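Descriptive structure summary
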Amino acid sequence: MNLGSIFSKIRRFDAYPKTQEDFRIRTYGGAVISIVSGIIMTILFLSELSYYLTTDTDTTLLVDTSRGLKMKINFNITFPRLACSGMSVDAIDVSGEQHLDVEHTIYKRRLDPNGNQMGDDALHVLGSTPTNALMQPLDPKRCESCYGAETAERKCCNTCEDVKDAYRKKGWALRDPATVEQCKREGIDTVEKLKPLPNEGCLVYGHIEVNRVAGNFHFAPGHSSQQSHAHVHDIQGLSLGAIDPTDPLKSVDNFLKSFNMTHNIDQVSFGEPVPGVVNPLDGVSQLDDKGALMCKYYIKIVPTVYQKLNDVVTHTNQYSVTVHKTWLSFGGHGESGLPGVFFVYEISPMMVKYTETRR
């Protein structure tokens, strides 16, 4: 039996009997119906295949029973009219833990009036202070005074920044840097601090980890500290200018209005990033056309868990936001306060869980 006879038998095998050739009539209409039917069957097959390959997402609302966790806050914000040297970033939560001038995960980048990077080394760790005087070689093993702010963890303050950091952790204000030997040696004295802020902008970006409880983080002028269990910003080192003795409140009012808090938010998120998720504050801009703007974002955070088919779990957060803006005045009109951008957040006791499943 050759191969041709095998194919001939296969062609003759038919489970459905067909009419004889003499009784068949081929028409254009029949051909069109056959083609359209084939296309429809192909589309139906592809749609069913696509439906089978895609996943479904089940949403579950649970009580959040997790305890002792940290929350990562990511941000990238541009202040085109506020210099980096006159701004601090702080985070405070209701548990009492304060992160004053956090500098290990937050960075500042100086910008010129056109928004371009300034300087060769444009990336600055928050809290760093430039030196202006030529320093003599010093003993690397020296241990200089912290001027009363020594602790068990820090017994030596070898730089002006070390002294200021020790004072901040003690909750004290360093009133006169000119009395500190380290500051005088580095050229950071009262005269230097009283120079007007440069006409620059500042890009602040990075992340901080805080307790997962209600709290706030904010961007405001001056240097922050804790005094008598209160969080304060010391702006006395920034240039106040000439005070009018006939109307001192107006002079202070004009001084505060010199802080332009115009800002552009590129990103504010809580927790690990999730591809494809756009946060409500991403791309938001606020214009401070009067000066001394106090902008508060009230944020409601909902803990969220994404569980994929491969059992990879991502812990993150969703949030909604409400904005409240106030222009401050110390001349007898309007509200008083501190110019700045404040993000006040609360954590929901409920958790949303998204689980990918096969259809």
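Refer to the structure above for everything that follows.
To start, this report covers the structure provided alongside it. Along each chain, residues carry numbers from 1 onward, in the same order as the chain's sequence is written. Under the rules for a predicted model, residues below a pLDDT of 70 receive no local features and side-chain atom pairs below 80 are neither given nor counted, while totals for whole chains, interfaces and linings still include all residues. Only hydrogens and water are removed before side-chain values are computed, so all heavy atoms of the structure are retained for them.

Note on conventions: DSSP H or I runs of at least 4 residues are helices, E runs of at least 2 residues are strands, and numbering of each starts at the N terminus. Counting its secondary structure elements, the protein contains six helices and 16 strands. The proportion of buried residues among the 359 residues of the protein is 33%. Accessible surface, the protein: about 21,600 Å² in total, of which carbon and sulfur atoms supply 57%. Relative accessibility decides the category of a residue: with a 1.4 Å probe and only protein chains considered, values under 20% of the type maximum give buried, values over 50% give exposed, and everything between is partly exposed. Residue-level accessible areas treat just the shown protein chains as cover; the underlying method is Shrake-Rupley with a 1.4 Å probe.

The working definition used for a salt bridge is a side-chain nitrogen of Lys or Arg within 4 Å of a carboxyl oxygen of Asp or Glu. Per the stated rule, a full pass over the model turns up five salt bridges. The residue R110 makes a salt bridge to E200 at a minimum N-O spacing of 2.6 Å. Pair noted here: R110 is in strand β5 (residues 106–111) and E200 is in the loop between α5 (190–193) and β7 (201–211), with a separation of 90 residues, a long-range link. The class for R110 is partly exposed, based on a relative accessible area of 28%. Between K300 and E346 there is a salt bridge, and its shortest N-O distance comes to 2.7 Å. Residue K300 is located in strand β13 (residues 293–307), and its partner E346 is located in strand β15 (residues 340–347); the two are separated by 46 residues in the primary sequence. K300 gets classed as partly exposed once you look at its relative accessible area, which sits at 45%.

Take the nonpolar core next. Joining through side-chain atoms within 4.5 Å is the link that ties buried Ala, Val, Leu, Ile, Met, Phe, Trp, Tyr and Cys residues into a set, and such a set is a nonpolar core. F75, F217, F219, V268, F270 and F343 are the most contacted members of the largest nonpolar core, which totals 32 residues. Contributions of two or more residues to this core are made by β2 (70–79), β3 (87–93), β7, β8 (215–221), β11 (263–270), β13 and β15. Residue contacts are counted whenever heavy atoms from the two residues lie within 4.5 Å of one another. Ignoring any residue separated from it by four or fewer positions in sequence, one finds F270 in contact with M71, K72, I73, F217, I299, I301, T316, N317, Y319 and Y345. Counting residues in hydrophobic clusters, the runner-up holds 10 residues, among them C157, V163, A166 and Y167.

Turning our eyes to something else, we now look at the packing of aromatic side chains. Where two aromatic rings form a pair, the distance of their centres and the angle of their planes describe that pair. Only centres within 6.5 Å qualify two rings of Phe, Tyr or Trp (six-membered ring in Trp) as a pair; their planes then separate them into stacked at under 30 degrees, edge-to-face at over 60, and tilted for everything else. Inspection of every chain in the model, using the stated rule, returns 12 aromatic pairs. Considering the side-chain rings of F75 and F217, the 5.8 Å spacing of their centres and the 20° angle between planes classify their relative orientation as stacked. In this pair, F75 is assigned in strand β2 and F217 in strand β8, connecting sequence segments 142 residues apart. According to the relative accessible area criterion, F75 is buried, its value standing at 2%. Measuring from ring centre to ring centre gives 5.1 Å for Y306 and Y354, while their planes differ by 20°; the resulting arrangement is stacked. You can see Y306 sitting in strand β13 and its partner Y354 sitting in strand β16 (residues 350–358), a full 48 residues away along the chain. Taken together, the ring pairs connect F75, F79, F217, F219, F270, Y297, Y319, F343 and Y345 into an aromatic cluster. Ring-over charges, as used throughout, are those where CZ of Arg or NZ of Lys falls within 6 Å of the ring centre and within 35 degrees of the ring normal. In this structure, K290 packs its charged tip against the face of W327, placed 4.9 Å from the ring centre. Note that K296 overlies the ring of F342, its terminal NZ or CZ placed 6.0 Å from the centroid.

All right, on to the state of the cysteines then. Here, a disulfide means two cysteine sulfur atoms that sit within 2.5 Å of each other. One pass over the structure, following the stated rule, counts three disulfides. The disulfide that involves C84 links it to C202, with 2.1 Å between the sulfurs. Residues C84 and C202 are joined through a disulfide that is right-handed, its torsion about the S-S bond being 105°. Of this pair, C84 sits in the loop between β2 and β3 while C202 sits in strand β7, placing them 118 residues apart in sequence. For the pair shown, C84 and C202 are each scored as buried.

Even without being a glycine, Y147 presents a positive backbone phi close to 55°. When you line up the elements, Y147 lands in the loop between β6 (123–125) and α3 (160–170). Here the phi dihedral of D311 falls at roughly 70°; this positive angle occurs in a residue that is not glycine. Mapping D311 onto the fold places it in the loop between β13 and β14 (313–327). Using a relative accessible area of 56% as the deciding quantity, one classes D311 as exposed.

To continue, consider α3. Most of α3 is tucked away, with eight of its 11 residues classed as buried. Residues C160, E161, V163, K164, D165, A166, Y167 and R168 constitute the buried set of α3. As used in this structure description, the phrase polar contact means that two N or O atoms lie within 3.5 Å; if the pair is within protein, one of them must be able to donate a hydrogen and the other to accept it, and residues adjacent in sequence are counted only when both atoms belong to side chains. Its side-chain oxygen at 3.1 Å from the backbone nitrogen of D162, T159 defines the N-terminal cap of α3. Phi turns positive one or two residues past the end of α3, at G171, with a value near 80°.

The next thing to look at is the pairing of β16. Only strands joined by at least two bridges in the DSSP assignment are considered to pair. Here nine bridges tie strand β1 (residues 55–63) to β16, and the two strands are oriented antiparallel to one another. Looking across to β16, one finds that T57 is bridged to E356. Pairing geometry for β13 and β16, over four bridges, is parallel. Looking at β16, one finds that T304 is bridged to V352.

Among the secondary structure elements, N211 is positioned in strand β7. There is a polar contact of 2.7 Å between the side chain of N211 and the side chain of K70.

Looking now at the pairing of β13. The sheet contact formed by β13 and β14 spans 15 bridges and is antiparallel. Within β14, the residue paired with L293 across the bridge is W327. Here β13 folds back onto β14, and the loop between the two strands holds five residues, one of which, D311, carries a positive phi near 70°. Across eight bridges, β13 lies against β15 in parallel orientation.

Don't take any of this as a statement about function, it's just geometry.
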